[in-house]
Amino acid sequence: MMRLTGNIFKTFAVILISSVFIGSCQKDAVVHYGDCPVMLKASVGEQTRSGIIDSDSSSRPLADVDGIQIIRGADGDVPAFNQVQSVSILGHIDAGSDVLVASPSQHFPLDANGVPLDEDINFLAYYPQGDSYVPGTGDSPAKVFWNLSDGLTDIIYSEPAEGNYYENSGVGIDLNFVHALSRLRLVVVADDYDSQVTFKSVVSAKIDVPDQVTMLVDKDGNATFEYGPADESQWQTIDFCKDGQKLEVGYPAAGERSLDILIPPIEGRYSFRFAFEGLGSVDKKYSVDNLPLLPGKTTVLTITVKGGVLMLLAPYVEMFEDVPVGGPIVIE
């Protein structure tokens, strides 16, 4: 397994956990546990086009989002996230809503008299749920496993967050989500009009990538990632073009023509196999050394076709603005 422990960047969602009072739920009142629920509110920022959420101008999702996994650690100063045995708390956001509905609902802890305790509650969350979850013991981390099959799984996770009833009931507890994977964007342009006519469109663009992702969560809720398998001969083949999709060769510029996949952020040498409509869909094989892939960022791979012979592959990384990382790679 390959391990990545570096920075994960770009905040994509904020979950606010705030209190809602069905009954009186006051410090000097005797109330029932169910009278002090925790309400989760979501503000969803920009997402990848292949990702789970497209949001409106108010950062509310345009479609329902199901299956957000919420982990509640032990209440108090020692959350012991790695030893959580149950992952039964799931989150759901309705389209156009900023409320993340937890099922089962969560509540602030109360003392024997029904008064809210002055101690922390601890949460973290991730999406999607994962193919399996294995709790740790002692200091060993909990493990969440995903198998990526199509390049469309957008894994996001939050940093751990804490707060208590008396300090946070009015302002909420923020869970800031970030991306674990890298987005690889394919753009194809022609060097001249004749080349555009020759190539027409990309009908297949395949890449072999690691398809196993493991998130390790320590007792404090901090996450690191491992990717595999280590043997590249066992990597999964993913096609940018899915279900009959074609990527038109742009000229004089690509414009909005591009296709994306989401893959583990392992920099290195990657092999590509392209098939073009104008060339009888025959595979043309190429490799790119040191393809820069970073979690939470987009690597744009621009292919320039010319005369049916020469291709220029120019990878660069972008976030909110383009950040070049090197010149064109010429393949003959």
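Look above for the structure.
Quantities reported herein were computed from a predicted structural model and do not represent experimental measurements. (Residues numbered from 1 in each chain as written. Predicted model: local features only at pLDDT ≥ 70, side-chain atom pairs only at ≥ 80, totals over all residues. Heavy atoms only, no water.)

## Some words on the overall build of the chain
For the chain, the helix and strand inventory stands at two helices and 26 strands. For the chain, the residues scored as buried account for 50% of the 332 residues in total. Here the contacts in the chain between residues at least 6 apart in sequence split such that 68% fall between residues at least 24 apart. Carbon and sulfur atoms make up 47% of the accessible area of the chain, which totals about 15000 Å². (Helix = DSSP H or I, 4+ residues; strand = E, 2+ residues; numbered from the N terminus. Buried < 20%, exposed > 50% of the residue type's maximum accessible area, 1.4 Å probe, protein only. Contact = heavy atoms within 4.5 Å. Areas by Shrake-Rupley, 256 points an atom, 1.4 Å probe, with all protein chains shown as cover.)

## Notes on the pairing of strand S20 (residues 259-263)
Of all five residues making up S20, five are buried, and the element is well covered by its neighbours. Neither face of S20 is open: one carries Leu 259, Ile 261 and Ile 263, the other Asp 260 and Leu 262, and all of them are buried. Of the pairings in the sheet, the one linking strand S14 (residues 182-190) to S20 comprises five bridges and is antiparallel in character. Bridged to Ser 182 within S20 is Ile 263. (Pairing = 2+ DSSP bridges.)

## Let's talk about the side chain of Arg 273
In this fold, Arg 273 is placed in strand S21 (residues 268-276). Overall, the relative accessible area of 18% leaves Arg 273 in the buried class. Of the polar contacts made by the side chain of Arg 273, one reaches the side chain of Asp 208; its length is 3.5 Å. What Arg 273 contacts, discounting residues up to four positions off in sequence, is Ser 204, Ala 205, Lys 206, Asp 208, Thr 237, Asp 283, Lys 284 and Lys 285. (Polar contact = N/O pair within 3.5 Å; in protein donor to acceptor, adjacent residues only side chain to side chain.)

## Quick notes on a nonpolar patch on the surface
A cluster of nonpolar residues, Tyr 193, Val 197 and Tyr 251, forms a patch on the protein surface that exposes about 290 Å² of accessible area. As for its position among the elements, Tyr 251 is in the loop between strand S19 (247-248) and S20. (Patch = residues over 30% accessible without salt bridge, like charges linked within 9 Å, V, L, I, M, F, W, Y side chains within 5 Å. Salt bridge = Lys/Arg side-chain N within 4 Å of Asp/Glu carboxyl O.)

## Some details on unusual backbone geometry
Glycine aside, residues mostly have negative phi angles, and peptide bonds mostly take the trans form. Residue Tyr 127 is joined to Pro 128 through a cis peptide bond whose omega torsion reads -10°. Along the chain, Pro 128 turns up in the loop between strand S8 (121-127) and strand S9 (132-134). At the junction of Gly 228 and Pro 229, the peptide bond is cis and its omega measures out at 0° in the coordinates. Relative to the assigned elements, Pro 229 resides in the loop between strand S17 (223-228) and strand S18 (236-239). With a phi close to 55°, Asp 243 is a non-glycine residue in the positive phi region. The residue Asp 243 is located in the loop between S18 and S19 in this model.

## Structural notes on the pairing of strand S23 (residues 298-306)
Summarising burial for S23: eight of the nine residues are buried, a large majority. Here S14 runs beside S23; their pairing, made up of eight bridges, is parallel. From the neighbouring strand, Ala 190 faces S23, where its bridge partner is Val 305.

## Here we look at the environment of Lys 285
Locating Lys 285 in the fold gives a position in strand S22 (residues 283-291). Lys 285 sits 11 residues away from Phe 274 along the chain, and the two C-alpha atoms are 6.4 Å apart. In contact with Lys 285, not counting residues within four places along its chain, are Phe 272 and Arg 273.

## Let's talk about the side chain of Ser 204
Tracing the backbone through its elements, the reader meets Ser 204 in strand S15 (residues 201-209). There is a polar contact of 2.9 Å between the side chain of Ser 204 and the side chain of Asp 239.

## Considering the packing of aromatic side chains
Going through the model one piece at a time under the given rule, you end up with nine aromatic pairs. Between Phe 108 and Tyr 165, the aromatic rings sit 5.3 Å apart at their centres with planes inclined by 75°, giving edge-to-face as the arrangement. Linking Phe 108 in the loop between strand S7 (106-107) and S8 with Tyr 165 in helix H1 (residues 165-168), this pair joins segments that are 57 residues apart in sequence. Take Phe 108: its relative accessible area is 3%, and that puts it in the buried class. (Phe/Tyr/Trp six-rings, centres within 6.5 Å; stacked < 30°, edge-to-face > 60°.)

## Quick word on the environment of Pro 141
Here Pro 141 is to be found in the loop between S9 and strand S10 (142-147). Residue Pro 141 is classed as partly exposed on the basis of its relative accessible area, which comes to 27%. In this structure, the C-alpha to C-alpha distance between Pro 141 and Asn 82, residues 59 residues apart in sequence, is 5.1 Å. Here Pro 141 is in contact with Asn 82, Val 134, Gly 136, Leu 216, Val 217 and Asp 218, once residues within four sequence places are set aside.

## Concerning the nonpolar core
Within the largest apolar cluster, 51 residues are counted, with the highest numbers of intra-cluster contacts made by Leu 184 and Phe 272. One finds Ile 68, Ala 102, Ile 156 and Ala 161 within the second-largest nonpolar core, a separate group that totals 17 residues. (Core = buried A, V, L, I, M, F, W, Y, C linked by side-chain atoms within 4.5 Å.)

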